[in-house]
Amino acid sequence: MHVKSWTLTDVSRNLRESSFSVSAAEVASAKGSWKISQRTLRGGLQEGVDLVEIDNGLMRILVLPTRGMGIWRAEIGEHTLGWRSPVRGPVHPMFVPITEHSGLGWLEGFDEFIVRCGLESNGAPEFDEQGRLKYPLHGRIANRPASFVDVTVDEAAGTITLRGVVEETRFHFQKLRLTATLTTAFNSTSFTISDEVENFGGTPAQMQMLYHINVGEPLLVPGSQFVAAVESIETLTAEPPAEGWETTGPAVAGSPEECYLMRLRANELGRTQVLVKNADGTAGTALEFSTNQLPCFTLWKNMVASADGYVTGIEPGTNFPKQHSTEVEAGHVVHLEPGKSWNAEYTLNWLTSVSEVSATEQVIRCL
Amino acid sequence: MHVKSWTLTDVSRNLRESSFSVSAAEVASAKGSWKISQRTLRGGLQEGVDLVEIDNGLMRILVLPTRGMGIWRAEIGEHTLGWRSPVRGPVHPMFVPITEHSGLGWLEGFDEFIVRCGLESNGAPEFDEQGRLKYPLHGRIANRPASFVDVTVDEAAGTITLRGVVEETRFHFQKLRLTATLTTAFNSTSFTISDEVENFGGTPAQMQMLYHINVGEPLLVPGSQFVAAVESIETLTAEPPAEGWETTGPAVAGSPEECYLMRLRANELGRTQVLVKNADGTAGTALEFSTNQLPCFTLWKNMVASADGYVTGIEPGTNFPKQHSTEVEAGHVVHLEPGKSWNAEYTLNWLTSVSEVSATEQVIRCL
Amino acid sequence: MHVKSWTLTDVSRNLRESSFSVSAAEVASAKGSWKISQRTLRGGLQEGVDLVEIDNGLMRILVLPTRGMGIWRAEIGEHTLGWRSPVRGPVHPMFVPITEHSGLGWLEGFDEFIVRCGLESNGAPEFDEQGRLKYPLHGRIANRPASFVDVTVDEAAGTITLRGVVEETRFHFQKLRLTATLTTAFNSTSFTISDEVENFGGTPAQMQMLYHINVGEPLLVPGSQFVAAVESIETLTAEPPAEGWETTGPAVAGSPEECYLMRLRANELGRTQVLVKNADGTAGTALEFSTNQLPCFTLWKNMVASADGYVTGIEPGTNFPKQHSTEVEAGHVVHLEPGKSWNAEYTLNWLTSVSEVSATEQVIRCL
């Protein structure tokens, strides 16, 4: 018996069970090679945020059940993958005014490495003809807490799997259930996200998903490069930077954000990769995904002062993060019949050597 | 000395006391015949919700101090009285955006058996001429937590009484205090709600109250019947169903909700009853109340797919759940001078045999 | 070694530290002369509110880290300095709908002795041309929880210092950090607030601050007097009261609130004082501050029924609590370059004898 499971949070519909939700503070291998712990943060805007830390023996992945199973950051030794937001997070959803009139309240909780945008909508705020907010920026799923969080360790296969369920439900309206699964192998520098979104209501539904994956310092520095197999590109930025859109410019206070919307080439299986590498090519973050599942890719560059959040977003999605109605017209929504699901799976690789970076770049160049 | 009281939550204005709020996890009879327990739910949208379970020896009543003393469900053995909402609740108020622009955010927390609607308003959302929300759907009281929750057991009389105080207060505006009292007898299948709403401010106030009592499966099935002594009825539904408005139709995905507004006949004491019984008349839910206290009665039928919440609401109120201004014009608001209170008392009977069902039906037919 | 520090809440950006936030329930002198305790309130609208009580040996000061380091009340023996709001607080920010359409949701959390108003704005609600809320009443800082709360006791100097950090941050928008410091001496009846607001973003910012200091019964009774060295005054009240604006009138249900905007004279160091004394001059509250730091002074009189909150606000600020655009035009905003800070320091004296009251009045009369 090599597979063991622990329930971290189990909120069942049946009260008998829900009254005895178990909180496993820590589970670890007998040999000390891997460890999974859960804790609840206290104080400030972090009050009440549950944080699960998966240590696969080499890399630590910090997951936020309270924030829709988002990934706060990844760490290897003293190194961090993520970014430094001016927002001091992770922020509990109770302090994020996502329904505020401007539709921009989401920005008060924005500091994670990987944030899901969706599920009813995921783009820019949109208002009705009276100026009332219809769709807030990036949707609501990142500010919904997960239920049924559990972790499974397969000692034989050498894998750790964390799973959580996040629902975006309003009676009379959408009934969407995200089952988010993260898997990592012992001592690896990568993890795979496998998401399912089910329409568990009785009538057809629509959904959108975009993964807002944010890379900042120290990987992102002036001269860092974005590498992708670009088939077509739309530039939303008024004046692209002198250094070219693929190159990271210097941090300049007050810089307008840049946005590039792309279609990417893929291999015969429909898989593609994108890469962000540092200036000397010694480290990088690669994302491997399916253009069938996530056909729209957005590169977001926020080359502002470090204090304001110097960061690049690599964002595969079912659509571009434009207003909902624009994406509906473009056919960029997923239709789900009752009981049907949408699925996506992608892998995040943290490249820590010149050889890994150049090998990945070679693969992308060949697409 | 047969009467004992326990304080479950005591938040006093005096800090000396509030710093030592006592949380009685469980109180029970020496003989094991009755039991009252309190717990705080953890995980997902239920995070932080206090739940009090009253076991009178036969029936368990699950009360939600955190949600305005609402009643989540009642249980006898394996049977449940309530409904299955697509919303996975009970939902903590911090996750319910009741002030959201559409006025429909309340629907994200809607899954209880008995929900209070009020106190400033309790009907459909209403907007000002600029389209800004004035009154959100069903008001705010169901998303306000109770203070001063205590339970009293009178062994001689054989009764258990739970009481909580819920305030709906905004400085410069309303100062309304609900004292909600629930009483049940040992081994009974009924309970009585006795509510007082006081205007504790210094100027006159207005209030509305509606009890949104929701019955779903298994009691509600195609062929279930609603029985009442109807004096007059207004049908808000465009096309009443072929089976007649008193009969529960089949679950049909996407069905529009039906709404029937009634005046009911009462006995010489002003009391009336309504009944929802299953198709073969072997079980039912009866509600006995005063038409003086609650003169307006609404029947709500939501005959949608089970996954979307197949449910009927039996809703006595001070008014109909129309927009606030409509009900003001109709004189359906309660005026309260400073220090004055409004009161209502009603009894919910869970009928579990053919004889009980037919006896209750007989009483109603004779009104 | 006479100086000791304890961390009450330490939420660091570094997870290693934040995972071990320490909660010191109580620290006290060996001789029992002073004591600092922290507790988290439970139940009702107070659920989850952290409260720090500083007992300097004579006076107890109750501070609310969860509400932007506001001061709930001060106590000496059985006496209380503060007021009786109809709002039963302290209210957790999750129950205060500050972004609600009317801009008045802040009033649902208003019951403290000292409330900070700011930081982006601090005045009356302001709307855009479509009627959408731009600036909510009194801003957001009072409903933001503090991080990094610590207390330092210097036995040699005989002082206790409490400090907390409260951030008002939205990605792409303001990055303002309040460091709030409260100091009191052993056995004294006064305390000093020393605030710093830093623009920690990379671009210039604007800010406003107003201290809403609220005095009610028992100090405030008919005949209580406000004393200040008034240079100029603007009366916003339609019909000033017969007893004169400096005299507290009787509690009359439904009275309109009165508002007086002043410039005060100061001494050669720029310091001034204001005083609220009771009718017979045996007790008072004096506020000593700098007109350079806080040039605008507002007196607010709310002479309503006791049940509605009979209270006077003495409110020094960087501006008057008018709409943001009005104060911008008047030049009443503080501009902060990146990394720059605004500072203010003021002292609150609780006067408990005729001699103290008359001495303070004498000082003010001589300004």
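Refer to the structure printed above.
Only a predicted model underlies this, so the values are computations on that prediction, with no experimental measurement involved.

1. A short note on the overall build of chain A
Each helix and strand in chain A was counted, giving 4 helices and 24 strands. In terms of overall dimensions, chain A is globule-like: its C-alpha atoms have a radius of gyration of 20 Å, near the 21 Å expected for 367 residues. With respect to the principal axes defined by its C-alpha atoms, chain A has extents near 60 × 55 × 45 Å. The buried share of chain A, taken over its 367 residues, is 63%. Long-range pairs, those at least 24 residues apart, make up 63% of the contacts in chain A with a sequence separation of at least 6. Only carbon and sulfur atoms are counted for the fraction: they give 50% of the accessible area of chain A, which is about 12700 Å². Side chains of chain A give 29 positive and 44 negative charges; the mean places of these two sets differ by 5 Å.

2. Observations concerning helix H4 (residues 354–365) of chain A
Residues and elements named next belong to chain A. Here H4 contains 12 residues, and its C-alpha end-to-end distance of 16 Å stays within 8% of the 16 Å for a straight helix at 1.5 Å per residue. What H4 keeps buried is the set Val357, Thr360, Glu361 and Ile364. Along H4, the residues classed as buried sweep out an arc of 100° about the axis, all on the same side.

3. Observations regarding the relation of the copies chain C and chain A
Relative to chain A, chain C is turned by 120° and slid 0.0 Å along the rotation axis, the superposed coordinates differing by an RMSD of 0.0 Å. Between the two chains, the operation in question is that of a three-fold axis. Scanning chain C for the C-alpha nearest the rotation axis identifies Met94 of chain C, at a separation of 3.4 Å. Take the interface residues of chain C: only 5% of them recur as interface residues in chain A, which is what a contact between different surfaces looks like.

4. Considerations on the environment of Thr248 of chain C
All names here are of chain C. Structurally, the position occupied by Thr248 is in the loop between strand E17 (230–235) and strand E18 (258–264). Note: C-alpha distance between Thr248 and Thr312 (64 residues apart in sequence) is 8.4 Å. Dropping the residues within four chain positions of it, Thr248 is found in contact with Leu220, Val221, Pro222, Gly223, Ser224, Glu243, Lys301, Met303 and Tyr310.

5. Observations regarding the interface of chain C and chain B
Opposite the 44 residues of chain C that make contact, chain B presents 38 residues. Overall, the association of chain C and chain B removes approximately 3400 Å² of surface from exposure, summing both partners, and the carbon and sulfur fraction of that is 53%. On the chain C side of the interface with chain B, the three residues burying the most area are Arg42, Arg88 and Glu108 of chain C, jointly 22% of the side's total. Across the chain C-chain B interface, the total number found is 7 salt bridges. For the pair chain C and chain B, the interface holds 13 residue pairs in polar contact (both at pLDDT 80 or more). Breaking the side of chain C that touches chain B down by element, the ones donating at least two residues are strand E4 (50–55), strand E5 (59–64), strand E6 (70–76), strand E21 (296–302) and helix H2 (306–309) of chain C. Residue composition of the side of chain C that touches chain B, by class: 19 nonpolar, 12 polar and 13 charged.

6. Details of the side chain of Arg39 of chain C
Residues and elements named next belong to chain C. Counting through the fold element by element, Arg39 comes out in strand E3 (residues 35–40). A polar side-chain atom of Arg39 sits 3.4 Å from a polar atom in the side chain of Ser37. There is a polar contact of 2.8 Å between the side chain of Arg39 and the side chain of Glu53.

7. Here's the deal with the pattern of salt bridges
One pass over the structure, following the stated rule, counts 66 salt bridges over all chains. Measuring nitrogen to oxygen at the nearest pair gives 2.3 Å for the salt bridge that ties Glu167 of chain B to Arg88 of chain C. You can see Glu167 of chain B sitting in strand E12 (residues 159–169) and its partner Arg88 of chain C sitting in the loop between strand E7 (79–81) and strand E8 (114–119), one on each of two chains. Take Glu167 of chain B and Arg88 of chain C: they sit in the same class, and that class is buried. Between Glu288 of chain C and Arg271 of chain C there is a salt bridge, and its shortest N-O distance comes to 2.8 Å. Taken together, the residues span a long stretch of sequence, with Glu288 of chain C in strand E20 (residues 284–290) and Arg271 of chain C in strand E19 (residues 271–277) at a distance of 17 residues. Each of the salt bridges in this network shares a partner with another, and the network as a whole consists of Glu100 and Glu108 of chain A together with Arg140, Arg144 and Arg170 of chain C.

8. Focus on the packing of aromatic side chains
Overall, the coordinates contain 36 aromatic pairs over all chains when judged by the stated rule. In this structure, Arg177 of chain B is placed above the aromatic ring of Phe200 of chain B, and the distance from its NZ or CZ to the ring centre is 4.0 Å.

9. Brief notes about the pairing of strand E3 (residues 35–40) of chain B
Residues and elements named next belong to chain B. Pairing between strand E2 (residues 26–28) and E3: 3 bridges, direction antiparallel. Its bridge partner being in E3, Ala28 is matched across the sheet by Lys35. If you look at the hairpin formed by E2 and E3, you'll find 6 residues sitting between the two strands, and Gly32 has a positive phi there, around 75°. One ladder, built from 6 bridges, connects E3 with strand E4 (residues 50–55); its direction is antiparallel. What sits directly across from Gln38, in E4, is Val52.

10. Remarks on the relation of the copies chain C and chain B
Placing chain C over chain B gives an RMSD of 0.0 Å and needs a rotation angle of 120°, together with 0.0 Å of translation along the axis. Take the interface residues of chain C: only 5% of them recur as interface residues in chain B, which is what a contact between different surfaces looks like.

11. Some thoughts on the interface of chain C and chain A
Listed per partner, the contact involves 38 residues of chain C and 44 residues of chain A. Across the chain C/chain A interface, buried area totals approximately 3400 Å², and carbon plus sulfur atoms make up 53% of it. For the pair chain C and chain A, the interface holds 7 salt bridges. The interface formed by chain C and chain A includes 13 residue pairs in polar contact (both at pLDDT 80 or more). Listed by contribution, the elements that provide at least two residues to the side of chain C that touches chain A are helix H1 (15–18), strand E10 (133–135), strand E11 (147–154), strand E12 (159–169) and strand E13 (175–185) of chain C. Partitioning the side of chain C that touches chain A into residue classes produces 12 nonpolar, 15 polar and 11 charged.

12. Description of the environment of Pro136 of chain B
Residues and elements named next belong to chain B. Checked against the element boundaries, Pro136 lands in the loop between strand E10 (133–135) and strand E11 (147–154). A relative accessible area of 11% means that Pro136 is categorised as buried. With 33 residues separating them along the chain, Pro136 and Gly103 place their C-alpha atoms 4.3 Å apart. In contact with Pro136, other than residues within four places in its own chain, are Ile98, Gly103, Ser121, Gly123 and Pro125.

13. What about the side chain of Thr189 of chain A?
For Thr189 of chain A, the position within the fold is in the loop between strand E13 (175–185) and strand E14 (190–199). Not counting the four nearest positions on each side in its chain, Thr189 of chain A is found in contact with Leu58, Met59, Ile76, Leu348, Asn349, Trp350 and Glu356 of chain A.

Thresholds, definitions, all that
Residues numbered from 1 in each chain as written. Chains lettered and ligands numbered in written order. Predicted model: local features only at pLDDT ≥ 70, side-chain atom pairs only at ≥ 80, totals over all residues. Heavy atoms only, no water. Helix = DSSP H or I, 4+ residues; strand = E, 2+ residues; numbered from the N terminus. Rg over C-alpha atoms; globule rule 2.2 N^0.38 Å. Buried < 20%, exposed > 50% of the residue type's maximum accessible area, 1.4 Å probe, protein only. Contact = heavy atoms within 4.5 Å. Areas by Shrake-Rupley, 256 points an atom, 1.4 Å probe, with all protein chains shown as cover. Lys, Arg positive; Asp, Glu negative; His and termini not counted. Charge placed at Lys NZ, Arg CZ, Asp CG, Glu CD. Expected span 1.5 Å × (residues − 1). Arc of directions from axis to C-beta. Least-squares fit on C-alpha atoms with pLDDT ≥ 70 in both. Buried area = accessible area lost by both parts, 1.4 Å probe. Salt bridge = Lys/Arg side-chain N within 4 Å of Asp/Glu carboxyl O. Polar contact = N/O pair within 3.5 Å; in protein donor to acceptor, adjacent residues only side chain to side chain. Nonpolar A, V, L, I, M, F, W, Y, C, P; charged D, E, K, R; others polar. Phe/Tyr/Trp six-rings, centres within 6.5 Å; stacked < 30°, edge-to-face > 60°. Lys NZ or Arg CZ within 6 Å of the ring centre and 35° of its normal. Pairing = 2+ DSSP bridges.

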